[in-house]
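Structural description and commentary
Next come the chains, spelled out residue by residue.
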6 protein chains.
Amino acid sequence: MARPAGDRRMRILVSNANMTQAITEACAESARRAAAPGTEIIAATPRFGAAVISSRVENIIAGHALLETIAPFAGQVDAVVLAVSHDTALEAARQLMPCPVVGMTEAACFTACMIGGRFGLVTFGNAETYRELIARHGLSSRLAGTAVIDVTAPQAVSEPEMVAEKLLPEIAALAAAGADSVILAGAALAGFDERLRGRAVVPLLDGIACAVRFAEGLCRAGYPKPSVGSYAPVKGRTLSGVDPGLAGLLGG
Amino acid sequence: MARPAGDRRMRILVSNANMTQAITEACAESARRAAAPGTEIIAATPRFGAAVISSRVENIIAGHALLETIAPFAGQVDAVVLAVSHDTALEAARQLMPCPVVGMTEAACFTACMIGGRFGLVTFGNAETYRELIARHGLSSRLAGTAVIDVTAPQAVSEPEMVAEKLLPEIAALAAAGADSVILAGAALAGFDERLRGRAVVPLLDGIACAVRFAEGLCRAGYPKPSVGSYAPVKGRTLSGVDPGLAGLLGG
Amino acid sequence: MARPAGDRRMRILVSNANMTQAITEACAESARRAAAPGTEIIAATPRFGAAVISSRVENIIAGHALLETIAPFAGQVDAVVLAVSHDTALEAARQLMPCPVVGMTEAACFTACMIGGRFGLVTFGNAETYRELIARHGLSSRLAGTAVIDVTAPQAVSEPEMVAEKLLPEIAALAAAGADSVILAGAALAGFDERLRGRAVVPLLDGIACAVRFAEGLCRAGYPKPSVGSYAPVKGRTLSGVDPGLAGLLGG
Amino acid sequence: MARPAGDRRMRILVSNANMTQAITEACAESARRAAAPGTEIIAATPRFGAAVISSRVENIIAGHALLETIAPFAGQVDAVVLAVSHDTALEAARQLMPCPVVGMTEAACFTACMIGGRFGLVTFGNAETYRELIARHGLSSRLAGTAVIDVTAPQAVSEPEMVAEKLLPEIAALAAAGADSVILAGAALAGFDERLRGRAVVPLLDGIACAVRFAEGLCRAGYPKPSVGSYAPVKGRTLSGVDPGLAGLLGG
Amino acid sequence: MARPAGDRRMRILVSNANMTQAITEACAESARRAAAPGTEIIAATPRFGAAVISSRVENIIAGHALLETIAPFAGQVDAVVLAVSHDTALEAARQLMPCPVVGMTEAACFTACMIGGRFGLVTFGNAETYRELIARHGLSSRLAGTAVIDVTAPQAVSEPEMVAEKLLPEIAALAAAGADSVILAGAALAGFDERLRGRAVVPLLDGIACAVRFAEGLCRAGYPKPSVGSYAPVKGRTLSGVDPGLAGLLGG
Amino acid sequence: MARPAGDRRMRILVSNANMTQAITEACAESARRAAAPGTEIIAATPRFGAAVISSRVENIIAGHALLETIAPFAGQVDAVVLAVSHDTALEAARQLMPCPVVGMTEAACFTACMIGGRFGLVTFGNAETYRELIARHGLSSRLAGTAVIDVTAPQAVSEPEMVAEKLLPEIAALAAAGADSVILAGAALAGFDERLRGRAVVPLLDGIACAVRFAEGLCRAGYPKPSVGSYAPVKGRTLSGVDPGLAGLLGG
């Protein structure tokens with residue numbers, strides 16, 4: 001399942017689970033900035049689903065779409081980074097692929113844990129599903145708090161300074177509540193870590209960058225997959241009505 | 001979105017997330033046995049996915065399939081019971097539908113909590129994802145332990161007494177570890193609660209039956225949906241490449 | 001211990017642990033509204049204790065009173081609902097009786113868990129013992145927050161609209177903190193779920209109604225009692241100075 | 001509410017919640033051995049309840065009995081030690097009395113926490129309610145495990161060496177599981193801490209002795225009671241059908 | 001290792017981990033006030049480190065200094081109280097010494113747990129490390145909240161009434177959040193428990209006093225040390241570059 | 001504080017907290033194997049302490065020694081890896097240094113979390129302090145279990161195949177208990193991840209390798225330090241009796 005040993009260049013797939021090509025490209029750009037020299041970033045966008053996931057329903061659909069999107073890359077890439085802040089279908093993708101798979105929020109959380117004690121998270125819209133996600137990762141005790149800013153994704157592009165001004169007091173409040181770093185969650189906040197550098201009282205974390213670095217490390221480590229348990233490779237399964245690329249990977 | 005008030009009979013959809021029609025029918029039968037007189041049980045099976053979910057990957061695909069399966073019933077049924085022991089896509093289905101949605105393992109857990117202090121869970125294959133599911137429901141502190149019996153689903157049908165003999169010592173061991181009831185998880189164990197009645201030291205719980213009773217109660221209660229937060233109805237969304245029934249429900 | 005099979009009508013005892021007959025009657029009325037057709041609700045009030053439990057001390061006394069109150073109904077009713085928001089002596093009542101026993105706050109919590117992710121709780125006086133109660137049920141991680149309104153029980157009757165105006169902002173604040181539903185705890189808040197229907201941003205839960213529906217479901221299920229463990233029936237015990245009805249039930 | 005300042009001798013009430021006078025006396029003896037010179041131990045036995053609490057039901061009855069038993073001593077003693085291993089009605093007793101109240105298992109747990117990291121607990125019968133008790137005290141993460149020995153309380157008196165031989169391997173197993181000390185829970189194990197001294201691999205804790213020492217310390221500290229919250233003194237309450245001594249204390 | 005049996009007077013070492021002699025003396029004074037008649041308090045100050053620990057770095061250095069400071073007293077004292085609010089090196093000191101060792105914040109927490117349900121903590125500077133400390137003791141679920149007052153240690157001495165005025169609203173806020181008592185953390189707050197007596201709504205706890213009382217009780221109990229596990233005595237170890245007193249104790 | 005921008009080669013300090021030079025060198029070798037091309041690994045060994053930390057006491061001493069050891073490298077290296085499986089003084093080192101600091105067991109845990117769901121840990125001697133360490137990192141819910149093998153560190157060198165035969169069944173048992181990977185904790189197990197590759201049922205993790213990869217990623221990220229909170233840089237402090245290099249870093 002591994003790629004030919006002669007191929008020295010590391011190739012990481014950055015897969016969106018939203019259908020917006022522009023977000024995919026922005027994430028790929030973030031990934032390239034974070035990647036080590038010699039790492040090739042390729043990107044993929046799902047064939048179906050929501051333009052931008054904004055509900056539990058869309059997130060479930062996106063899980064399937066994401067698996068379908070990454071399946072054809074099995075054996076073609078050295079690692080996969082999930083470019084969706086909900087870490088959509090992360091555990092399943094990890095079981096599916098022969099290579100490491102890293103979620104962007106998961107990666108931001110573990111990075112935060114190596115910077116300080118507790119961390120905060122800021123997002124648009126609703127923070128509750130992020131709170132659940134952090135619990136799913138077992139890290140509730142390291143979450144100092146969450147905050148929501150009341151702006152729209154388009155505003156993040158058109159009025160970045162206004163958004164920055166809304167972010168800064170939330171970041172300061174999370175720091176006062178015990179956060180030693182703050183995760184910027186959601187594609188629309190991409191780039192604000194750089195924009196606010198020097199103005200925020202604690203480090204700001206962009207999940208894509210965190211994930212790419214971890215993916216590179218896991219690739220280099222070359223861990224085998226577990227051969228038992230709930231992450232062992234799936235084999236000999238027959239699926240119906242599912243994309244042949246995905247179905248084929250489970251039937252091998 | 002509610003059904004016409006004049007329609008007095010309660011109608012509950014039992015939706016499988018596996019593609020095996022026989023399991024759907026067996027679950028519908030369990031549901032009919034548990035239902036109150038006057039409750040109509042209708043059943044549905046997904047259009048795509050695995051015959052029987054046996055991996056994290058298949059479970060994610062099944063989540064999408066389940067949402068697609070139940071969406072056309074919005075406004076046509078009074079409640080939905082998820083006939084899949086992983087409570088696949090439960091939270092999303094709850095957000096999607098205008099009526100109550102109950103997961104079978106969730107329902108078994110809450111029932112167990114009203115019978116005694118802690119509960120156990122027995123299944124085929126691998127218990128780890130059930131452990132995670134119970135944590136997702138916030139009930140880890142009420143789980144006394146899990147057990148796995150080493151038989152196959154076909155054996156549960158062809159050699160039920162052999163399976164019963166394997167179940168009984170596991171049930172006793174879980175009781176000794178503090179379980180006041182034991183959940184039989186997985187469609188293949190359907191009916192063993194009845195088969196072992198009088199032989200098991202603690203009550204055995206079948207999730208479908210538990211879920212149908214809770215669904216009936218929630219229907220009668222007629223709670224409104226939350227109008228804010230992450231379970232508020234989804235509206236005005238445009239999805240691509242998704243079944244029109246499902247997409248339409250989100251676009252309304 | 002079971003009631004004669006020919007008796008088709010379900011009979012549920014709603015037992016107060018406060019001595020105020022008017023509260024018992026109000027709870028019985030709530031129970032009747034929530035019950036399925038064909039369910040008979042009977043009610044009981046303790047022989048000793050406080051008019052309304054408002055301290056830890058009174059709650060302990062009420063536990064004994066409650067057990068004494070329900071004991072004579074063993075074998076005469078199909079289920080017991082505890083009409084006291086502290087779920088007073090719930091676990092002991094469950095062990096004592098041959099039939100299902102459901103607590104009103106426990107039932108509200110589990111109902112809340114089937115409506116959304118986290119829930120809130122509003123009460124009069126002091127919320128700390130409710131926080132402890134939810135922890136005792138193992139559900140702390142699903143509690144978004146508690147709120148206290150500064151009114152008296154008599155005001156809830158005499159000035160309900162004033163109380164409603166105090167409740168609404170607390171409910172909204174709990175929803176903003178992540179609650180997808182809110183439990184109204186304490187007998188004095190009975191009926192406010194109906195009064196605020198359509199005005200509250202999330203569903204409001206009345207424990208009596210929740211408990212009656214669960215009790216009906218458990219009755220229909222007909223689970224045996226555990227024969228081992230800390231909920232197994234108590235037999236052959238000799239108590240002194242205790243009401244003969246209660247003592248007799250333990251001595252059988 | 002305090003005793004006259006001129007009375008220099010500290011007086012501690014050791015109150016049983018079981019009706020067996022012999023256990024009360026044994027506990028009082030343990031208390032006297034543990035007490036500082038100059039501490040007077042007086043003992044009390046409830047007027048009603050079970051000879052020895054062995055179920056959840058009896059424990060609830062005992063809670064009321066205990067409050068009735070200690071109420072007359074308000075203002076007459078400097079502290080109360082609850083001589084019942086379930087810490088029955090501890091929080092209510094603490095609210096009720098003007099002086100410190102200490103539970104024997106609570107005291108053993110806190111002592112264990114000052115001896116090492118985690119602790120174990122050995123008892124007769126069923127350990128589940130002790131597990132719940134330790135969770136109620138918030139100490140689950142410091143519990144390494146529980147063990148049950150299969151002997152009867154009379155055997156502890158008539159065949160102590162046989163019981164000792166059963167205890168030692170359980171103590172060693174708990175130590176191997178991470179316990180740095182072991183609590184002997186239940187009146188029938190009183191004295192085994194001394195009997196096994198030098199033979200057990202870790203310290204053994206007798207709750208009565210632990211509680212007496214803490215009670216002495218709290219007396220000397222002379223903390224005021226909280227004037228707000230759920231432990232503030234209860235006043236102006238009218239109870240019916242309750243022992244006048246207890247009722248009077250709440251009505252003051 | 002034990003002191004000669006003939007020596008009836010209890011001798012407790014109060015060891016600072018800060019280098020400020022005045023703090024040591026103040027702590028020794030607090031200890032003497034709290035100690036039983038007949039208890040001798042001796043005090044020690046480290047040879048190296050910070051005047052007052054105010055960072056994670058200084059706290060680690062202080063851990064070593066503390067062990068070096070107390071080692072020479074092994075066999076010379078009956079117990080050790082750590083007069084440093086971070087419970088610096090507590091577990092190691094406990095393993096090192098042949099006698100009981102009690103931390104001041106640990107002792108305040110356990111005392112708080114015997115006064116009410118949850119407790120609060122007020123300090124200068126930053127509360128995050130106290131939050132971590134309480135988690136390390138396994139007591140997070142009993143912490144109602146923390147508060148920080150914005151004054152300096154010198155002000156606590158020079159303007160105590162100003163500091164008192166800042167403390168009182170924080171104490172009231174913690175009580176409103178569920179605290180039944182409040183720990184005053186940090187040497188600079190020593191004495192404010194007495195100063196605010198009668199003005200604070202809940203009891204205030206001074207760790208030194210709590211620790212001395214617990215240490216006296218543990219001395220009287222005379223528990224053996226665990227002979228296995230991670231608190232068993234250290235023997236036969238060779239350390240380099242370490243104070244001979246400390247090294248010798250590990251080499252014995 | 002940063003190194004001159006022109007210096008393109010990444011330099012990582014691998015600092016032991018044990019005094020055994022051979023372990024330092026073995027760790028440095030592991031680090032070099034794991035490092036990316038172009039990363040320079042330099043190593044340091046403390047000036048005082050134990051040859052190999054094997055008690056809580058030695059670990060505290062080692063904390064001070066470690067800080068003294070790394071302080072002179074502030075500004076001279078791009079990151080620090082703590083080559084001590086107890087993550088000794090990790091948080092303090094993180095606060096002290098201007099560059100990223102990564103603990104080897106912390107790194108192994110986070111790596112395990114990106115490989116599967118839960119993980120196990122195998123060590124020599126006593127696993128209790130590792131259990132505490134994982135709790136300190138907030139990851140208890142992801143720990144499937146710990147195991148101890150009964151061999152000595154010298155045997156790991158002289159009889160590696162015997163040790164391997166002891167490790168394999170423990171690894172399989174941890175996998176059966178739900179571990180998707182297993183951390184080999186303790187310097188003496190270095191290299192066994194490679195030795196057992198292909199024989200263990202789940203991936204084995206060597207903390208040094210994990211830590212080096214994370215350290216490289218954090219260096220590349222170039223996060224600023226938090227300017228507030230308990231990880232903000234320490235300045236203007238005066239320490240006495242402490243190594244000038246360490247004291248100077250705090251006084252700057």
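The structure displayed is predicted, hence computed values, not measured ones.

1. Things to note about the overall build of chain A
Helix and strand content of chain A: 10 helices and 10 strands. Relative to its length of 252 residues, chain A is compact, with a C-alpha radius of gyration of 18 Å against a globular reference of 18 Å. Each principal axis of the C-alpha distribution contributes one length, and for chain A these read about 55 × 35 × 30 Å. For chain A, with 252 residues in total, the buried portion stands at 62%. Look at the contacts in chain A between residues 6 or more apart in sequence, and 68% of them connect residues 24 or more apart. Accessible area for chain A stands at about 8,400 Å²; split by element, carbon and sulfur atoms hold 54% of it. Each charge sign in chain A was given a centre, from 22 positive and 23 negative side chains, and these centres are 7 Å apart.

2. Focus: helix 1 (residues 21-34) of chain F
In this model helix 1 of chain F runs 20 Å from its N-terminal to its C-terminal C-alpha over 14 residues, within 8% of the 20 Å that 1.5 Å per residue would give. Looking only at helix 1 of chain F, the buried set comprises I23, T24, C27, A28, S30, A31 and A34 of chain F. Projected down its long axis, helix 1 of chain F shows its buried positions confined to an angular sector of 160°, all on one face. Every exposed residue of helix 1 of chain F that faces more than 90 degrees away from the buried side is listed here: A22 and R33 of chain F. Where helix 1 of chain F is buried, its residues meet helix 9 (207-221) of chain A together with strand 1 (10-16), strand 2 (39-44), strand 4 (79-83), strand 9 (204-206) and helix 9 (207-221) of chain F.

3. Thoughts on the domain arrangement of chain A
Residue and element names in this part refer to chain A. Under the domain assignment used here, chain A contains domain 1 (10-105 + 210-251) and domain 2 (114-206). Taking the mean C-alpha position of each, domain 1 and domain 2 sit 24 Å from one another. Listed by partner, the interface residues are 11 residues for domain 1 and 12 residues for domain 2. Taken over both partners, the interface formed by domain 1 and domain 2 buries close to 1,100 Å², and the fraction arising from carbon and sulfur atoms is 55%.

4. A look at the pairing of strand 4 (residues 79-83) of chain B
All names here are of chain B. By the criterion of burial, strand 4 is predominantly enclosed, with five of the five residues buried. Where burial is concerned, the two faces of strand 4 agree: the one with A79, V81 and A83 and the one with V80 and L82 are both buried. Taken together, the five bridges between strand 1 (residues 10-16) and strand 4 define a ladder with parallel strand orientation. Paired with I12 across the bridge in strand 4 is A79. As paired elements, strand 4 and strand 5 (residues 101-103) share three bridges and run parallel to each other. Within strand 5, the residue paired with L82 across the bridge is G103.

5. As for empty space enclosed by the protein
Residue and element names in this part refer to chain D. For the structure on display, the rule yields 17 cavities of 30 Å³ or more. Size it by volume and the largest cavity reaches roughly 90 Å³. In this structure, the largest cavity is lined by C27, S30, M104, L184, G186, A187, L189, A190, G191, D193, D206 and I208. Of the residues that constitute the lining of the largest cavity, the class distribution is seven nonpolar, three polar and two charged.

6. Looking at the relation of the copies chain B and chain C
For the pair chain B and chain C, the relating rotation is 180°, the translation along its axis is 0.0 Å, and the fit reaches an RMSD of 0.0 Å. What we have between these two chains is a two-fold relation. The overlap is high: 98% of the interface residues of chain B also sit at the interface in chain C, so the same surface is used on both sides.

7. Here's the deal with the sheet that holds strand 7 (residues 143-149) of chain D
Residue and element names in this part refer to chain D. If you trace the four strands from one edge of the open sheet to the other, you get 7-6-8-9, paired in parallel fashion. Of all the strands in the sheet, the pair left with one neighbour each is strand 7 and strand 9 (204-206). When the angles between neighbouring strand axes are averaged without regard to direction, this sheet yields 25°. Direction of pairing for strand 6 (residues 118-124) relative to strand 7: parallel, over a ladder of six bridges. Across the sheet, V122 pairs through a bridge with A147, a residue of strand 7. Here helix 5 (residues 128-136) sits on the sheet and contacts strand 6 and strand 7; the angle it forms with strand 6, its principal contact strand, is near 145°.

8. Here's the deal with the sheet that holds strand 7 (residues 143-149) of chain B
Residues and elements named next belong to chain B. Spatially, 7-6-8-9 is the arrangement adopted by the four strands of the open sheet, whose pairing is parallel. Each having just a single partner strand, strand 7 and strand 9 (204-206) make up the two edges of the open sheet. Going across the sheet, the axis of each strand differs from the next one's by a mean of 25°, ignoring polarity. Helix 7 (residues 160-176) contacts strand 6 (118-124), strand 7, strand 8 (179-184) and strand 9 of the sheet and is inclined by roughly 160° relative to strand 7.

9. Things to note about the packing of aromatic side chains
In total, this model carries six aromatic pairs over all chains according to the counting rule given. On the basis of an interplanar angle of 55° and a centroid distance of 4.7 Å, the ring pair of F214 of chain A and F214 of chain F is categorised as tilted. Here F214 of chain A, found in helix 9, pairs with F214 of chain F, found in helix 9, and the two come from separate chains. F214 of chain F sits in the buried class, given a relative accessible area of 6%. A cation over an aromatic ring shows up here: R195 of chain D above the ring of F192 of chain D, its NZ or CZ 5.8 Å from the ring centre.

10. Observations regarding the interface of chain B and chain C
Residue-level contacts link 45 residues of chain B with 44 residues of chain C. Interface area for chain B against chain C, summed over the two sides, is near 3,500 Å², with a carbon-plus-sulfur share of 59%. Broken down residue by residue, the surface that chain B buries against chain C is led by M114, R220 and Y223 of chain B, which jointly contribute 20%. Among the ionic pairs, R220 of chain B bridges to E216 of chain C, the shortest N-O distance being 2.6 Å.

11. Some words on the relation of the copies chain F and chain A
For the pair chain F and chain A, the superposition axis carries a translation of 0.0 Å, the fit reaches an RMSD of 0.0 Å, and the rotation angle comes to 180°. Residue by residue, 100% of the interface of chain F is reproduced at the interface of chain A, so both copies engage with the same surface.

12. Quick look at the pattern of salt bridges
Residues and elements named next belong to chain F. Per the counting criterion, the structure on display carries 84 salt bridges over all chains. With a closest N to O distance of 2.9 Å, R136 and E91 form a salt bridge. With R136 in helix 5 (residues 128-136) and E91 in helix 3 (residues 90-96), this pair connects stretches of sequence that are 45 residues apart. For R136, a relative accessible area of 41% corresponds to the partly exposed category. On the basis of relative accessibility, which here comes to 18%, the residue E91 falls in the buried class.

13. Considering the interface of chain F and chain A
Between chain F and chain A, the contact holds 45 residues from the first and 45 residues from the second. Note on chain F versus chain A: buried area summed over both sides is about 3,500 Å², and carbon and sulfur give 59% of it. Of all residues in chain F, the largest losses of buried area upon contact with chain A belong to M114, R220 and Y223 of chain F, amounting jointly to 20% of the total for that side. The interface formed by chain F and chain A holds two salt bridges in total. Our enumeration of links across chain F and chain A arrives at 16 residue pairs in polar contact (both at pLDDT 80 or more). Broken down by element, the side of chain F that touches chain A gets its largest block of residues, eight residues, from helix 9 of chain F.

14. A closer look at the confidence of the model for chain A
Here chain A shows a mean pLDDT of 94. Residues at 70 or above account for 97%. In the predicted assembly, ipTM is 0.96 and pTM is 0.96.

15. Here we look at the arrangement of the chains
Between chain B and chain E there is no contact, and the shortest C-alpha to C-alpha distance separating them is 14 Å. At the level of C-alpha atoms, the two units chain C and chain F stay apart, their nearest approach being 14 Å.

16. A few points about the side chain of T88 of chain E
All names here are of chain E. For T88, the position within the fold is in the loop between strand 4 (79-83) and helix 3 (90-96). Relative accessible area serves as the criterion here: at 3%, T88 is assigned to the buried category. In terms of polar contacts, T88 uses its side chain to reach the side chain of N59, at 2.6 Å. Here T88 is in contact with I53, N59, A62, G63, L66 and L82, once residues within four sequence places are set aside.

17. Digging into the pairing of strand 6 (residues 118-124) of chain F
Residue and element names in this part refer to chain F. With seven of its seven residues buried, strand 6 lies for the most part within the structure. Here strand 6 shows two buried faces, one formed by R118, G120, V122 and F124 and the other by F119, L121 and T123. Both strand 6 and strand 8 (residues 179-184) contribute to a ladder of five bridges, which runs parallel. Bridge assignment links V122 to a residue of strand 8, and that residue is L184. Viewed along the sheet, the connection from strand 6 through helix 5 into strand 7 (residues 143-149) turns out right-handed.

18. Thoughts on the state of the cysteines
Scanning all chains against the criterion turns up zero disulfides over all chains. As a non-bridged cysteine, C210 of chain A has C109 of chain A as the owner of its nearest cysteine sulfur, 9.3 Å distant. Cysteine C27 of chain E shares no disulfide, and the gap to the nearest cysteine sulfur, in C210 of chain E, comes to 13 Å.

Reading the values: the criteria
Residues numbered from 1 in each chain as written. Chains lettered and ligands numbered in written order. Predicted model: local features only at pLDDT ≥ 70, side-chain atom pairs only at ≥ 80, totals over all residues. Heavy atoms only, no water. Helix = DSSP H or I, 4+ residues; strand = E, 2+ residues; numbered from the N terminus. Rg over C-alpha atoms; globule rule 2.2 N^0.38 Å. Buried < 20%, exposed > 50% of the residue type's maximum accessible area, 1.4 Å probe, protein only. Contact = heavy atoms within 4.5 Å. Areas by Shrake-Rupley, 256 points an atom, 1.4 Å probe, with all protein chains shown as cover. Lys, Arg positive; Asp, Glu negative; His and termini not counted. Charge placed at Lys NZ, Arg CZ, Asp CG, Glu CD. Expected span 1.5 Å × (residues − 1). Arc of directions from axis to C-beta. Domains from an automatic or database assignment. Buried area = accessible area lost by both parts, 1.4 Å probe. Pairing = 2+ DSSP bridges. 1 Å grid on protein atoms, 1.4 Å probe; cavity = no way out; pocket = protein on both sides within 12 Å on 5 of 7 lines; lining within 4 Å. Points joined across faces, edges and corners; volume = space filled by probe spheres on them. Nonpolar A, V, L, I, M, F, W, Y, C, P; charged D, E, K, R; others polar. Least-squares fit on C-alpha atoms with pLDDT ≥ 70 in both. Axes fitted to C-alpha atoms, helices over the stretch in contact; angles between N-to-C directions. Phe/Tyr/Trp six-rings, centres within 6.5 Å; stacked < 30°, edge-to-face > 60°. Lys NZ or Arg CZ within 6 Å of the ring centre and 35° of its normal. Salt bridge = Lys/Arg side-chain N within 4 Å of Asp/Glu carboxyl O. Polar contact = N/O pair within 3.5 Å; in protein donor to acceptor, adjacent residues only side chain to side chain. pLDDT = per-residue confidence, 0-100. Right-handed = clockwise from strand over helix to strand, strands pointing away. Disulfide = S-S within 2.5 Å.

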